[in-house]
Amino acid sequence: MNPQAAPSTSAGVVRLSIPARAEWVAVARLAVAAVASRQRFSIDEIEDIKLAVAESCTNAIQHGSPDGTIEIEVELRDDELVATVRDRGMGPRLGTVNEERIGETGRTEELGVFLIRALMDTVEYTSDVRDGTQLVMTKRVSE
Amino acid sequence: MDIKVNVRESEGDAYVVDLTGEIDVYTSPKVKDAISELIDQEHYNLVINLENVRYIDSTGLGVLIGGLKRVREHGGSVNLVCTNPQIKKIFDITGLVKIFGIFDDEQSAMKALA
């Protein structure tokens, strides 16, 4: 990808809806990686975004409403990517993670949350009965 | 996306699990089944070869941790073979490098089991 072809402010928004089932998570992460590759991210940064969005989808499958859908929105802005993952379910998603004990507990949910926070620059989480759960993550291009 | 799992007997009582592909919420049950089957058969020294794994998520990590816990209850161990920088990074940032032996090649991983 030619770095000179990077989009300007809010140049692109891609929306994807997947069934909230495990076999569809790969589709979401590949799509997000393809969008991220249009920005000036390094390969490592694209992998970070890919994993963080996939973990968010996995989280939604584990806590969201069964047989529901997951809405994924990826927006390219100047020097950053904003990924939003929404589902209709509710539940504890981004609670406190004890980093010292994460390897001992091995709880997948804790690992997933930990990875999202570690790999992205900002993570915002909202959840309510009417709108379900939304996770907004930002990754900035490192210079 | 899929994961290929190949289990083979190695030196002594050790077994090697070769994984090829991507380990995520969809494919990790297949990996878990293979590891669980070995442990159920009382094989407690395992090398899990991640050389051909391109991607791993928290569910994959959870499967590896679960296997390690089970073999440790019987005095065994799980060593990993991994050179992929992105996957090694995941083990680094989660602190799992402290609980797994991670090696660049199978021979070293096997030797460390002894």
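Just so we're clear, the structure is a prediction, and the values are computed from it rather than from any experiment. (Residues numbered from 1 in each chain as written. Chains lettered and ligands numbered in written order. Predicted model: local features only at pLDDT ≥ 70, side-chain atom pairs only at ≥ 80, totals over all residues.)

Peer 1: Tell me about the overall build of chain B, residues and numbers included.
Peer 2: Counting its regular elements, chain B contains four helices and five strands. If you list the helices and strands of chain B from N to C, you get β-β-α-β-α-β-α-β-α. Against the compact-globule benchmark of 13 Å for 114 residues, chain B has a radius of gyration of 13 Å, which places it among compact chains. With respect to the three principal axes, the spread of C-alpha positions in chain B is 30 × 25 × 20 Å. Among the 114 residues that make up chain B, the fraction classed as buried is 41%. Looking at chain B alone, contacts between residues at least 24 apart form 68% of all its contacts between residues at least 6 apart. (Helix = DSSP H or I, 4+ residues; strand = E, 2+ residues; numbered from the N terminus. Rg over C-alpha atoms; globule rule 2.2 N^0.38 Å. Buried ≥ 20, exposed ≤ 12 C-beta atoms within 10 Å, placed from the backbone. Contact = placed C-beta atoms within 7 Å.)

Peer 1: Outline the nonpolar core, supporting the account with residue identities and numerical values.
Peer 2: In terms of nonpolar packing, the biggest core is built from 65 residues, with Val 32, Ala 52, Val 53 and Cys 57 of chain A together with Ile 48 of chain B touching the most fellow members. Among all residues touching Ala 52 of chain A, those that are not within four sequence positions of it are Leu 115, Ile 116, Leu 119, Met 120 and Met 137 of chain A. (Core = buried A, V, L, I, M, F, W, Y, C linked by C-beta atoms within 7 Å.)

Peer 1: Which residues make up the sheet that holds strand β4 (residues 77-81) of chain B, and what are the values?
Peer 2: Residue and element names in this part refer to chain B. A sheet is described by the order of its strands in space; here five strands give the open sequence β1-β2-β3-β4-β5, paired in mixed fashion. Whereas interior strands pair on both sides, the edge strands pair on one side only; in this sheet they are β1 (3-9) and β5 (101-103). The average angle at which neighbouring strand axes cross in this sheet is 20 degrees, direction not considered. Sheet topology places strand β2 (residues 15-23) next to strand β3 (residues 45-56); eight bridges connect them, and they run parallel. Each bridged residue has a counterpart across the sheet, and for Gly 21 the counterpart in β3 is Val 53. (Pairing = 2+ DSSP bridges. Axes fitted to C-alpha atoms, helices over the stretch in contact; angles between N-to-C directions.)

Peer 1: Summarise the sheet that holds strand β5 (residues 132-140) of chain A; cite the residues concerned and give the values.
Peer 2: All names here are of chain A. Judged by pairing direction, the sheet is antiparallel, and its five strands sit side by side in the order β1-β2-β3-β5-β4 without closing on themselves. Edge positions in the open sheet fall to β1 (12-19) and β4 (122-128), since each of these has one partner strand only. Strand-to-strand, the axes of this sheet are offset by a mean angle of 15 degrees, without reference to chain direction. Across eight bridges, the pairing between strand β3 (residues 80-87) and β5 is antiparallel. Along β5, the bridge assignment pairs Val 82 with Thr 138. Packing against the sheet, helix α2 (residues 43-63) makes contact with β2 (69-77), β3 and β5, and its axis sits at approximately 10 degrees to β3.

Peer 1: Please provide a residue-by-residue account of the interface of chain A and chain B, values included.
Peer 2: Listed as interface residues are 21 residues of chain A and, on the opposing side, 20 residues of chain B. Looking at the side of chain A that touches chain B, the elements that each hand over two or more residues are α1 (25-36), α2, α3 (102-105) and α4 (108-119) of chain A. In terms of residue count, α2 of chain A provides more of the side of chain A that touches chain B than any other element does, seven residues in total. Partitioning the side of chain A that touches chain B into residue classes produces eleven nonpolar, five polar and five charged. (Nonpolar A, V, L, I, M, F, W, Y, C, P; charged D, E, K, R; others polar.)

Peer 1: Outline α2 of chain A, listing residues and values.
Peer 2: If you check α2 of chain A, its first and last C-alpha atoms are 30 Å apart, about what 21 residues at 1.5 Å a residue would give, namely 30 Å. Within α2 of chain A, 16 of the 21 residues are buried, which leaves the element mostly enclosed by the surrounding structure. (Expected span 1.5 Å × (residues − 1).)

Peer 1: Outline the packing of helix α1 (residues 28-40) of chain B against helix α2 (residues 58-72) of chain B, listing residues and values.
Peer 2: All names here are of chain B. Where α1 contacts α2, the axes come no closer than 9 Å and their chain directions differ by 10 degrees. Here α1 lies roughly parallel to α2, going by the angle between them. Seen from α1, the contacting residues are Ser 28, Val 31, Lys 32, Ile 35 and Ile 39; seen from α2, they are Thr 59, Gly 60, Val 63, Gly 67, Arg 70 and Val 71. Per-class residue counts for the contact of α1 with α2 are five nonpolar, four polar and two charged. (Parallel < 35°, antiparallel > 145°, perpendicular 65-115°, else oblique.)

Peer 1: Please set out the confidence of the model for chain A residue by residue, giving values where relevant.
Peer 2: The predicted model of chain A has a mean per-residue pLDDT of 84, with 79% of residues at 70 or higher. Element-level pLDDT for chain A is lowest in α3 of chain A, with a mean of 50, against a maximum mean of 96 in α1 of chain A. (pLDDT = per-residue confidence, 0-100.)

Peer 1: If you had to explain unusual backbone geometry to someone new, which residues and values would you point to?
Peer 2: Backbone phi values are negative for most residues with the exception of glycine, while trans is the configuration of most peptide bonds. Of note in the backbone geometry, Asp 79 of chain A takes a positive phi value of approximately 60 degrees without being a glycine. By the element assignment, Asp 79 of chain A lies in the loop between β2 and β3. Overall, the presence of 15 C-beta atoms within 10 Å leaves Asp 79 of chain A in the partly exposed class. Its identity as a non-glycine residue notwithstanding, Glu 42 of chain B has a phi of 65 degrees, on the positive side.

Peer 1: Go over α1 of chain B, please, and point to the residues and values.
Peer 2: Each turn of an α-helix holds 3.6 residues, which means side chains three or four residues apart point in the same direction. All names here are of chain B. Between its first and last C-alpha atoms α1 spans 18 Å; for 13 residues at 1.5 Å apiece the expected length is 18 Å, and the two agree. Within α1 the residues assigned to the buried category are Ser 28, Val 31, Ala 34, Ile 35 and Leu 38. The arc that holds the buried residues of α1, viewed along the axis, is 125 degrees, so those residues lie on one side. For α1, exposure combined with an orientation more than 90 degrees from the buried face picks out Asp 33, Glu 37 and Asp 40. Those residues of α1 hidden inside the fold are in contact with β1, β2, β3 and α2. One or two residues past the end of α1 sits Glu 42, with phi positive at roughly 65 degrees. (Arc of directions from axis to C-beta.)

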